[in-house]
Amino acid sequence: MSLLYNTGDWFSLGHGNSYRKVDLYTMDWPASINLEHMTVHAAPYGGPIALVKDSKQFIKLSGGESAKPVIRIFNCSGRLISTINWDNGNSGNIICMGWSDAEEFLVVQADGSVWRYDMFGNFLHKFSMGADVTDVQDAKIFASSSGTGIAVLTSSWKIYIVNSVTDPKLRPLSELLSISSDLTCWELVSKDRNTCCLLAHGTDVVLVRHGDSAPINHILNMKSEYSSIIAMAVSFNHRHLAIYTNTGAIWLGSADLRTKYCEFATGRTERPQQIAWCCNEDLHPDSQAVIVSYVSLVQVIGITGDFNIYTYDSPTTLIPEMDAVRVLTNSSHELFQRVPQSTSKIFGIISSQPASFLFEAHMEFQKRSHKSDEFLCLIQDDLGSAVGVCVEAAGQEFDSLTQKSLIRAAHFGKSFLPSYNPDGYIEMCRVLRVLNALREPIVGMPLTMRQFNHLQPLVILDRLIFRKHYALAIQIAKHLKLPESRILEHWAFHKIEHDKNDEEVARKISDKFRYHPMGERERISFANVAKKAQQKGRNKLAITLLEQEPRKNLRVPLLLELDASEKALTAATQSGDTDLIYMVILKMKSTTALSKFQMIIRRFPLAHDLYKKYCQTNSLSTLKDIYSQEDDFQAQAELGLREALDINNVEVSIPDISGNYKKATRMLEADACDEAKKLMKHQKVLDEKYQKRLYGKPLHETIHQLLILGDIKYADRLKSEFKVPERRYWWLRISVLALQFQWDELEKFAKSKKSPIGYEPFVEVCLKHNNVEQAKKYLPRCSEEKKFNWYLKAGCLLEAASFAYDQKDIDGLWLVHGRCATDSALMAKVDGLIQQLTTKK
């Protein structure tokens with residue numbers, strides 16, 4: 001069936017190879033723009049266009065016009081973005097201009113210097129191609145695997161390459177390469193992380209790669225006679241190569257020169273202005289085309305030898321894209337591309353594809369015709385694929401009416417599919433709205449669907465940000481459900497750079513961020529914006545912005561950099577993060593006068609306490625000064641005691657320690673200090689008397705040693721003077737007597753008077769030294785409630801059984817019964833006692 005719908009600009013380049021010309025914009029150039037007298041440098045993917053007067057032409061200057069180059073940068077619809085008044089002529093003439101993959105404008109000068117600008121004419125960076133590169137004759141800007149590269153050809157016929165302008169590392173192409181003045185043209189091919197150069201010498205092409213031992217000569221296999229090669233062009237993907245000879249014949253083949261696709265005679269003798277490959281997603285060479293532009297004519301040539309010609313009233317500029325070629329003139333901006341397969345299936349002449357029938361069914365449905373049902377019946381089994389093709393074709397169109405027709409046809413078709421997954425349909429509707437917004441003349445980014453998918457939405461948002469289309473970027477981010485924080489931060493950066501009122505800028509940024517609340521996953525950082533303000537020297541604005549940053553770990557370090565130490569300390573203490581507090585304390589300590597530092601830190605109790613803790617480890621003298629200034633007598637006493645213990649000089653320091661405790665009304669600690677001093681006096685006497693080290697030992701240990709030494713009298717004296725409890729003293733006495741095996745003395749001591757600790761300790765010390773016989777002497781005097789257990793511990797089972805019988809403790813008897821399994825006589829007695837006790841009950 002034939003559907004003549006929006007196909008007026010289609011043309012065929014052989015069977016199955018249909019191409020089309022799409023009108024993008026009517027150019028909105030200023031009146032002074034005439035491409036005939038200018039060189040055009042356009043960035044791919046709908047990037048900016050730079051225009052500068054052609055230095056090779058003699059042009060009469062109008063009144064007041066400067067002779068120095070003026071570079072004007074426009075968007076794709078011809079709207080002025082910026083102007084660069086080139087004033088770097090001292091560095092040499094401009095040799096080459098172009099754009100990087102980050103849409104930075106590059107200028108290569110004769111002295112080998114490379115200047116980088118943003119699209120708004122702001123200088124970014126400058127670097128040199130090397131000390132050996134001083135007289136550049138020609139240069140090329142090319143896409144490489146590392147980004148954007150530059151190659152220069154010097155007047156001494158040497159070629160040097162930099163594969164990335166962001167990390168310029170110069171490499172000479174080949175030391176063995178010998179180039180003479182008969183070089184007619186050259187091109188760069190970058191593939192698989194390697195860049196090679198194609199040089200045209202007469203009728204041959206020389207392939208040179210870095211690291212090769214020798215260049216490779218290729219002789220073209222051409223039927224047409226020629227004497228020289230005058231132009232070469234590499235495809236956008238660096239896969240294909242076109243070679244134009246002086247007789248107007250074109251050789252088309254692979255970039256490695258191994259495969260020849262075809263040979264075509266243009267029939268024209270003049271030198272072409274440009275040659276560009278019109279590639280598409282199909283990698284087969286037969287589906288590619290080459291566009292050759294002349295002064296007022298464009299020739300589109302297919303691999304099969306078919307061609308088409310377009311004439312123009314003004315000079316043309318070809319802008320290669322990954323899937324198309326844009327043509328720029330004084331009045332128009334057009335796009336040549338191969339008709340997408342999905343579009344061809346629907347609108348192709350005599351097309352019988354299901355998608356074509358679905359589109360026609362929808363058209364008939366709108367007319368309320370019964371033919372709609374007939375078309376649907378023809379594709380009942382293929383309706384799902386037809387809907388998918390209509391959705392895909394909608395994404396390939398630039399005309400919004402055609403997009404709507406295709407989307408409506410897909411919507412019409414999917415209504416008959418109960419299990420249709422609408423995700424792809426919904427996503428295409430979203431993307432189409434974005435593409436149409438980008439193609440608006442005020443934005444001027446005429447991206448195709450393939451370019452959109454290649455760049456990805458985040459990159460496109462970044463490009464909108466760089467163009468300062470913040471409102472559109474926000475709307476697109478919302479529409480595609482992408483993060484908005486990066487856009488808002490860049491908007492804030494722009495405000496900081498161009499609005500000089502600090503209060504107004506802070507208010508606008510705060511309001512804008514507040515109206516765009518984000519979750520934890522995407523939180524807007526006031527710290528990043530404040531950092532930008534700091535870089536611009538606007539410290540007051542930076543501090544104001546930081547006060548709204550909720551994340552203290554981001555706020556505190558930057559406040560310190562801005563010398564806002566008190567605000568940083570406030571934020572750190574509010575966070576409760578000790579690491580942050582210590583960061584501020586140490587920074588303030590090193591940058592602030594000591595008196596001012598101590599005055600500030602006292603207002604922050606948590607920070608003050610942490611600083612004291614820091615001083616305990618690193619500077620006790622500083623800590624002592626702090627306590628002295630604060631009249632903290634208790635802390636002074638404790639610190640003095642700690643120091644005295646560390647240097648083993650407690651006796652000398654005790655008066656001061658005791659005095660500080662008394663000033664702090666800590667009488668218990670003060671009395672303890674006084675008693676410690678008295679004890680140390682006694683210990684000095686004892687050390688001299690016994691030549692034994694007792695100085696510094698506790699009172700308990702001192703008495704214990706005296707008892708071991710047998711100085712009972714002095715031990716009693718210390719007991720009395722220091723009011724040692726009687727119970728503790730008895731424990732010490734019986735422990736020492738047992739330790740020295742003085743059992744008779746122990747027995748005398750037990751009989752000297754009534755024991756204040758009972759007689760169980762006597763049994764315990766005897767058993768500890770395995771003297772059961774001595775323990776038996778004290779068992780009868782133990783308390784009744786504990787006597788049974790001590791009998792068991794001493795192994796006196798008969799006595800334990802008798803005691804349990806007397807106490808009528810049947811459980812105790814059974815306990816004894818369980819322990820006398822090896823003594824049958826004793827077991828019999830215990831059984832008798834148990835039986836008697838049981839009978840009595």
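Everything discussed here concerns the structure shown above.
Residues numbered from 1 in each chain as written. Predicted model: local features only at pLDDT ≥ 70, side-chain atom pairs only at ≥ 80, totals over all residues. Heavy atoms only, no water.

For His-238, which is not a glycine, the phi torsion comes out positive at approximately 60°. Position of His-238 relative to the elements: it lies in the loop between β19 (229-234) and β20 (240-245). Since its relative accessible area comes to 10%, His-238 is described here as buried. (Helix = DSSP H or I, 4+ residues; strand = E, 2+ residues; numbered from the N terminus. Buried < 20%, exposed > 50% of the residue type's maximum accessible area, 1.4 Å probe, protein only.)

The subject of this paragraph is the pairing of strand β12 (residues 147-154). For β12, the buried fraction is high: eight of the eight residues fall into the buried class. Relative to β12, strand β11 (residues 136-144) is paired through eight bridges, and the arrangement is antiparallel. Residue Ala-143 lies in a different strand from β12, and its bridge partner there is Thr-148. Where β11 folds back onto β12 in an antiparallel hairpin, the turn is made up of two residues. (Pairing = 2+ DSSP bridges.)

Bringing the side chain of Gln-451 into the picture now. Mapped onto the elements, Gln-451 comes out in helix α7 (residues 449-455). For Gln-451, a relative accessible area of 1% puts it in the buried group. Setting aside chain neighbours within four positions, we find Gln-451 in contact with Tyr-45, Glu-321, Met-322, Asp-323 and Pro-446. (Contact = heavy atoms within 4.5 Å.)

When its volume is computed, the second largest pocket comes out at roughly 510 Å³. Only α8 (457-466) and α10 (485-498) provide two or more residues apiece to the lining of the second largest pocket. Sorting elements by how many residues they give to the lining of the second largest pocket places α10 first, with five residues. A class-by-class count of the residues in the lining of the second largest pocket yields eight nonpolar, four polar and six charged. (1 Å grid on protein atoms, 1.4 Å probe; cavity = no way out; pocket = protein on both sides within 12 Å on 5 of 7 lines; lining within 4 Å. Points joined across faces, edges and corners; volume = space filled by probe spheres on them. Nonpolar A, V, L, I, M, F, W, Y, C, P; charged D, E, K, R; others polar.)

What follows covers the environment of Lys-754. Within the secondary structure, Lys-754 is located in the loop between α26 (743-752) and α27 (760-768). Sequence-distant contacts of Lys-754, that is, excluding residues within four places in its chain, are made with Trp-730 and Tyr-759.

What follows deals with the pairing of strand β15 (residues 183-191). Among the nine residues in β15, seven count as buried, and that is most of the element. Connecting the antiparallel pair β15 and strand β16 (residues 194-201) is a turn made up of two residues, with Asp-192 showing a positive phi of about 55°.

This brings us to the packing of helix α12 (residues 526-535) against helix α14 (residues 552-561). Packed helices, taken two at a time, are described by the angle between their axes plus the distance between the axes. Two elements in contact, α12 and α14, have axes whose closest approach is 10 Å; the angle formed by their N-to-C orientations is 10°. Taken together, the axes of α12 and α14 lie roughly parallel to each other. For the pair α12 and α14, the contacting residues are Ala-527, Ala-530, Lys-531 and Gln-534 in the first and Leu-554, Leu-558 and Glu-561 in the second. Among the residues forming the contact of α12 with α14, the class breakdown is four nonpolar, one polar and two charged. (Axes fitted to C-alpha atoms, helices over the stretch in contact; angles between N-to-C directions. Parallel < 35°, antiparallel > 145°, perpendicular 65-115°, else oblique.)

It is worth spelling out the sheet that holds strand β26 (residues 307-311) at this point. Overall, antiparallel pairing links the four strands, which are arranged β23-β24-β25-β26 in an open sheet. Two strands close off the open sheet at either side, each with one partner strand: β23 (274-278) and β26. Sheet twist, expressed as the average angle between the axes of neighbouring strands with direction ignored, equals 20°. Direction of pairing for β23 relative to strand β24 (residues 289-293): antiparallel, over a ladder of five bridges. Directly across from Gln-274, in β24, lies its bridge partner Ser-293.

Judged by how many residues are buried, α12 sits mostly within the fold: seven of ten residues are covered. Buried residues of α12: Phe-526, Ala-527, Val-529, Ala-530, Lys-532, Ala-533 and Gln-534, and no others. On its buried side, α12 packs onto α10, α11 (502-514), α13 (539-546) and α14. You can read the cap of α12 off the contacts: a side-chain oxygen lies 3.3 Å from the backbone nitrogen of Ala-527, and it is on Ser-525. Remark: Gly-537 follows α12 within two positions and exhibits a positive phi of approximately 80°. (Polar contact = N/O pair within 3.5 Å; in protein donor to acceptor, adjacent residues only side chain to side chain.)

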